[in-house]
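Close look at the chain arrangement
Now for the letters of each chain:
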Amino acid sequence: MNAAATEADHHHGPAPGLMRWVTTTNHKDIGTLYLWFSFIMFFIGGLMALIIRSELFQPGLTIVDPHFFNQMTTMHALIMIFGVVMPAFVGLANWMLPIMVGAPDMALPRMNNWSFWILPFGFGIMLSTLFMDGGGPAAGWTLYPPLSLQTGDAFPYLIFSIHMLGVSSIMGAINIVATIMNLRAPGMTFMKMPLFVWTWFITAYLLIAVMPVLAGAVTMLLTDKFFGTSFFNAAGGGDPVMFQHIFWFFGHPEVYILILPSFGLVSEIIPTFSRKRLFGYSSMVYATASIAFLSFIVWAHHMFTVGMPLTGELFFMFTTMLIAVPTGVKVFNWVSTMWRGAMTFETPMLFALGFVVMFTIGGFSGLMLAMTPIDFQYHDTYFVVAHFHYVLVPGAIFGIIAGVYYWLPKWTGNMYNETLGKWHFWTSTVFVNILFFPMHFVGLAGMPRRIPDYAVQFADFNAIATIGAFGFGFSQILLLVLVIKCIRGGDKATDQVWEGAQGLEWTLSSPPPYHSFSVQPVIK
Amino acid sequence: MKNIQRVPGALLGAILLVLSGSALADWQLNLTEGVTEISREVYDMHMMVLWICVVIGVLVFGAMFYSILKHRKSQGAVPATFHESMVAEVGWTVVPFVILIVMALPAAKALIKMEDSSNSDITIKVTGHQWKWEYEYVDSGVHFFSSLDTASREAGVKNSGVDVNSVENYLLDVDNRIIVPVGKKIRFLLTSNDVIHAWWVPAFAIKKDAIPGYINEMWTNIDEEGVYRGQCAELCGKDHGYMPIVVEAVSEERYNEWVGEQIAAAEAEANSADKKWAMDDLMARGESVYATACAACHQANGQGIPGVFPGLVDSPIALGDVKAHIDIVLNGKAGTAMQAFGAQLSDVDAAAIVTYERNAWGNDTGDVVQPSEIKELR
């Protein structure tokens, strides 16, 4: 490279001051923005969870009114799904995908800026509804009509904010597809891509396929409420159950959007700390693709109680049970990767192992829920709440945290404090189980979900769960402290960081240069 | 090493022992076995799947923890280099598939049975309302509403000063139970008047949504006399947690007796609408009917919830034209949560409510509305 070109590179460094973050088109800056945004929303959504758990600490209405309670459950879900897990994945993708495929940046950098900056405005609108006449949305994040049509002034703002989040997700997904398709280093064939790249590639297609479906569903709600249509109004010839079919046609692939990238993260981390290649790479790819395909034909298992015809119930039961096969393949592959490796247990590995165990517990309850005749007992009880929190919190979120620990030294150039990291893992793991495991019991004993007050026989386990919730919530402050400390200093990280790590990200310096690969590496 | 291996196994065993045993009353851990043939079948299937999951879990986690203990660098482990095995990968695709088929067959059989509600002896139409249940015995014409009982309602509000632990069957008791005979096939027809609700009694292992514009079907056949409690299981708004279900299963003789009593009571109620009522009687009755029919939204103090449910104190409806007031009570207001109460209130109840609303909380219009006026405007 001649001197003039080097000079030009320097002019492409970050803009000074705050405008760096507003105008940036750099994949690392945008990744950082996404991750911090998600982290802030994690605490906001967590605060709502703590309000919910505080009310449920004891029987009897003690802190909030039922209407506000419903607003909290609804907003907690919307924020955790759209504001925490999805942006965190996109943040990790922004930071790492270009580096992992050997590219200088994302394929569409200006759109990248736009897709991030829509988010704070979308959530600003959504959160502002809490202060409107009639309060925020209170019909559950699933927005089932006719109940959701009883929402007050918040309704059009809610729909608009969901549209904005959808636009942001679709743009992010298009960018990821474009980057993976076009910017891979020479020699990196599809079947040589790291698993995190593969799972995100498939996730991006799921997003492009289903986010417009959600947009359509909420737009129909909007016209039903304000323009006199009757899509979901039985009195006008519409069908309230049709909304549920459309919603879950989005909603079930969405479930896999929330977990597939975590599968990818764990598939990166376990081989590194086992010092052994990932077992069954190609079966991992095919399993991910199968799960994605199956996710489109299982949606009605969320609605076994709506009164579907018998044949429909049988079909959705069988397809849902089938998901256990590729999911099982993944778990077996992870365990086989560890088998006869030479393991060490740094914090990312601990979170990855926690993921495998607790996600599998969530998978087991998922299998139980798949069986229609017994689902009638589980449906809309705390058993379901326990199930999806097991796959989402010690599942998806543990995966994200594992990824953050794994790459934090690469991002900052400093090692994080391992002792603090281990404290974070053990407190999180102990409390997350105190929080969610008792929910299986109250659910089986007959406690419905989404109720602000309950019969006294459910009191003991609810009190235990609330203690777990506060413990888990406060444990996350450790992560905040750890990340800030790591950004500000610490032992210098080597380029390799982890002894057993493989992949292009470890060939770059820690922290990597502002433009990742200005010369494409060649994969042999 | 053997000892270390035993620890997780023993722990799991202890957890399972607790899981499968019938637990202490306040620490119910497991699904109820219930009181019908179907509910016992469902319970057995639940236990079967649970045990299959436990066995798979013990194997997978056992292998994983063995590996974690033995294959660590600090123990001097040297990583192996294998990274695929056709035999293993085909094996753990095919074996789970076979296990799934073993699970799916009895499930399909049970489902077919559960969805067959033909040849029923009694049909009860269940209509969900925000936030109470309406029951109509299609064969005998018995018809009534069932709402949360007063004791729970009063103890359940914020700062009620009542210890809810002292309320018997807190949130699980109603003013009017549904009475059904044992040993008869009872068919439920489910629909809704407003939003989606779900009718669920765990002891029968049946749950189905009540959806406006739909009539869903399900059935049960109860073996043992007793009182069985359940709750609404689909988020239906503010008071979703406050619309329980209480079913009392009795002998056939007692059931027939009860049906007779209900029919006689309904006739007496219809007759009382023709007499002239005194204001005090209407106010007294109005207060209690208001508490079950209106207070959930408009609140016991008539203030409503700002922005969600309008207040009635000094409202133009309660102070204005009497006929307009009766009209909104009987026919509701389109496009709002104010439903038509005409079908669920007798002439006397409607008259009492309107009288009460026009004179309570300092509204003091002095208007007395007679049941005969309601009758005319229906």
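Residues numbered from 1 in each chain as written. Chains lettered and ligands numbered in written order. Predicted model: local features only at pLDDT ≥ 70, side-chain atom pairs only at ≥ 80, totals over all residues. Heavy atoms only, no water.

With that out of the way, let us pick up the sheet that holds strand S2 (residues 132-137) of chain B. All names here are of chain B. Taking strand neighbours across the sheet as the criterion, the five strands line up as S3-S2-S1-S5-S8 in an open arrangement whose pairing is mixed. Single-partner strands in this sheet number two, and they are strand S3 (143-146) and strand S8 (216-220). Here the strands of the sheet are splayed against their neighbours by 25 degrees on average, with no regard to which way each runs. Taken together, the five bridges between strand S5 (residues 186-192) and S8 define a ladder with antiparallel strand orientation. Following the sheet pairing, Leu190 is matched in S8 by Asn216. (Pairing = 2+ DSSP bridges. Helix = DSSP H or I, 4+ residues; strand = E, 2+ residues; numbered from the N terminus. Axes fitted to C-alpha atoms, helices over the stretch in contact; angles between N-to-C directions.)

Formed by 226 residues in total, the largest nonpolar core has its most connected members in Phe82, Trp200, Trp334 and Trp407 of chain A. Top contributing element to this core by residue count: helix H4 (residues 66-101) of chain A, with 23 residues. Here this core spans two domains, since at least three of its residues come from each of domain 1 (37-75 + 85-115) and domain 2 (122-271) of chain B. Not counting residues within four places of it along the chain, the set of residues in contact with Trp407 of chain A comprises Leu92, Met96, Met100, Phe196, Leu265, Glu505 and Trp506 of chain A. (Core = buried A, V, L, I, M, F, W, Y, C linked by side-chain atoms within 4.5 Å. Buried < 20%, exposed > 50% of the residue type's maximum accessible area, 1.4 Å probe, protein only. Domains from an automatic or database assignment. Contact = heavy atoms within 4.5 Å.)

Counting residues at the interface gives 95 residues for chain A, matched by 90 residues for chain B. Carbon and sulfur atoms make up 70% of the surface buried where chain A meets chain B, a total of about 8300 Å² over both sides. Where chain A touches chain B, the interface holds 23 residue pairs in polar contact (both at pLDDT 80 or more). Only H4, helix H8 (240-257), helix H11 (310-322), helix H12 (324-338), helix H13 (347-370), helix H14 (372-378), helix H16 (418-444) and helix H17 (459-488) of chain A provide two or more residues apiece to the side of chain A that touches chain B. In terms of residue class, the side of chain A that touches chain B is built from 57 nonpolar, 24 polar and 14 charged. (Buried area = accessible area lost by both parts, 1.4 Å probe. Polar contact = N/O pair within 3.5 Å; in protein donor to acceptor, adjacent residues only side chain to side chain. Nonpolar A, V, L, I, M, F, W, Y, C, P; charged D, E, K, R; others polar.)

Bringing the environment of Met126 of chain A into the picture now. All names here are of chain A. Locating Met126 in the fold gives a position in helix H5 (residues 109-128). The exposure class assigned to Met126 is buried, which follows from its relative accessible area of 1%. The spatial distance from the C-alpha of Met126 to the C-alpha of Leu78 is 9.2 Å, given a sequence separation of 48 residues. Discounting chain neighbours no more than four positions away, the residues touching Met126 are Met75, Leu78, Leu158, Ser161, Ile162 and Leu165.

Residue and element names in this part refer to chain B. What the five strands build is an open sheet, ordered S4-S10-S9-S6-S7; its pairing is mixed. Each edge of the open sheet is held by one strand with a lone partner, namely strand S4 (178-181) and strand S7 (206-210). Pairs of neighbouring strands in the sheet enclose a mean axial angle of 25 degrees, with direction left out of account. When S4 meets strand S10 (residues 244-250), the two strands line up parallel, connected through four bridges. Within S10, the position partnered with Ile178 by the bridge is Val247. Packing against the sheet, helix H5 (residues 252-272) makes contact with S4 and S10, and its axis sits at approximately 140 degrees to S4.

Bringing the pattern of salt bridges into the picture now. Taken as a whole, this structure holds 19 salt bridges over all chains when the rule is applied. A salt bridge links Lys73 of chain B to Glu499 of chain A, with the shortest nitrogen-to-oxygen separation between them at 2.9 Å. You can see Lys73 of chain B sitting in the loop between helix H2 (37-70) and helix H3 (86-114) and its partner Glu499 of chain A sitting in the segment after H17, one on each of two chains. With a closest N to O distance of 3.4 Å, Glu37 of chain B and Lys113 of chain B form a salt bridge. In this pair, Glu37 of chain B sits in helix H2 while Lys113 of chain B sits in helix H3, placing the two residues 76 residues apart along the sequence. Using a relative accessible area of 51% as the deciding quantity, one classes Glu37 of chain B as exposed. Through salt bridges with shared partners, one network takes in Arg275 and Glu499 of chain A together with Lys73 of chain B. (Salt bridge = Lys/Arg side-chain N within 4 Å of Asp/Glu carboxyl O.)

Once that is clear, we can look at the environment of Trp27 of chain B. The residue Trp27 of chain B is located in the loop between helix H1 (2-20) and H2 in this model. Owing to a relative accessible area of 36%, Trp27 of chain B belongs among the partly exposed residues under this scheme. Once residues lying within four places of it in the same chain are set aside, the contact partners of Trp27 of chain B are Asp460, Phe461 and Ile464 of chain A.

Judged by side-chain polarity, Met86, Val87, Val90, Val94, Val98 and Val102 of chain B come together as a nonpolar surface patch covering roughly 590 Å² of accessible area. For Val87 of chain B, the location among the structural elements is in helix H3. (Patch = residues over 30% accessible without salt bridge, like charges linked within 9 Å, V, L, I, M, F, W, Y side chains within 5 Å. Areas by Shrake-Rupley, 256 points an atom, 1.4 Å probe, with all protein chains shown as cover.)

All names here are of chain A. At a minimum axis distance of 5 Å, the contact between H11 and H12 shows a crossing angle of 10 degrees. The angle between the axes of H11 and H12 places the two elements in the roughly parallel class. Residues Thr320, Met321 and Leu322 of H11 form the contact with H12, whose own contacting residues are Ala324, Val325 and Pro326. Looking at the contact of H11 with H12 residue by residue, the class counts come to five nonpolar, one polar and no charged. (Parallel < 35°, antiparallel > 145°, perpendicular 65-115°, else oblique.)

Here the focus is the confidence of the model for chain A. All names here are of chain A. Of the residues in chain A, 98% have a pLDDT of 70 or more, and the chain-wide mean is 94. For chain A, the element scoring lowest by mean pLDDT is helix H1 (residues 3-11), at 47; helix H9 (residues 260-274) scores highest, at 97. Of the regions scoring below 50 in pLDDT, residues 1-10 engages in three contacts with residues more than four places distant in sequence or in other chains. (pLDDT = per-residue confidence, 0-100.)

A few words now on the domain arrangement of chain B. Residue and element names in this part refer to chain B. Once the domains are mapped, chain B shows domain 1 (37-75 + 85-115), domain 2 (122-271) and domain 3 (275-377). Relative to domain 3, the C-alpha centre of domain 2 lies at a distance of 25 Å. Domain 2 puts 15 residues into the contact, and the matching count from domain 3 is 16 residues. Taking both partners together, domain 2 and domain 3 bury about 1000 Å²; carbon and sulfur atoms supply 45% of that area. The largest share of the area that domain 2 buries against domain 3 comes from Lys132, Lys238 and Glu269, three residues that together contribute 39% of it. Summed over the shared surface of domain 2 and domain 3, the result is zero salt bridges. Only S3 and H5 provide two or more residues apiece to the side of domain 2 that touches domain 3. Its residues assigned to classes, the side of domain 2 that touches domain 3 shows two nonpolar, six polar and seven charged.

Residues and elements named next belong to chain B. Here the structure, examined in full by the defined rule, presents zero disulfides over all chains. You can see Cys232 has no disulfide; the closest cysteine sulfur is in Cys236, sitting 3.9 Å from it. Lacking any disulfide linkage, Cys297 is separated from the closest cysteine sulfur, that of Cys294, by 8.9 Å. Cys297 sits in the buried class, given a relative accessible area of 18%. (Disulfide = S-S within 2.5 Å.)

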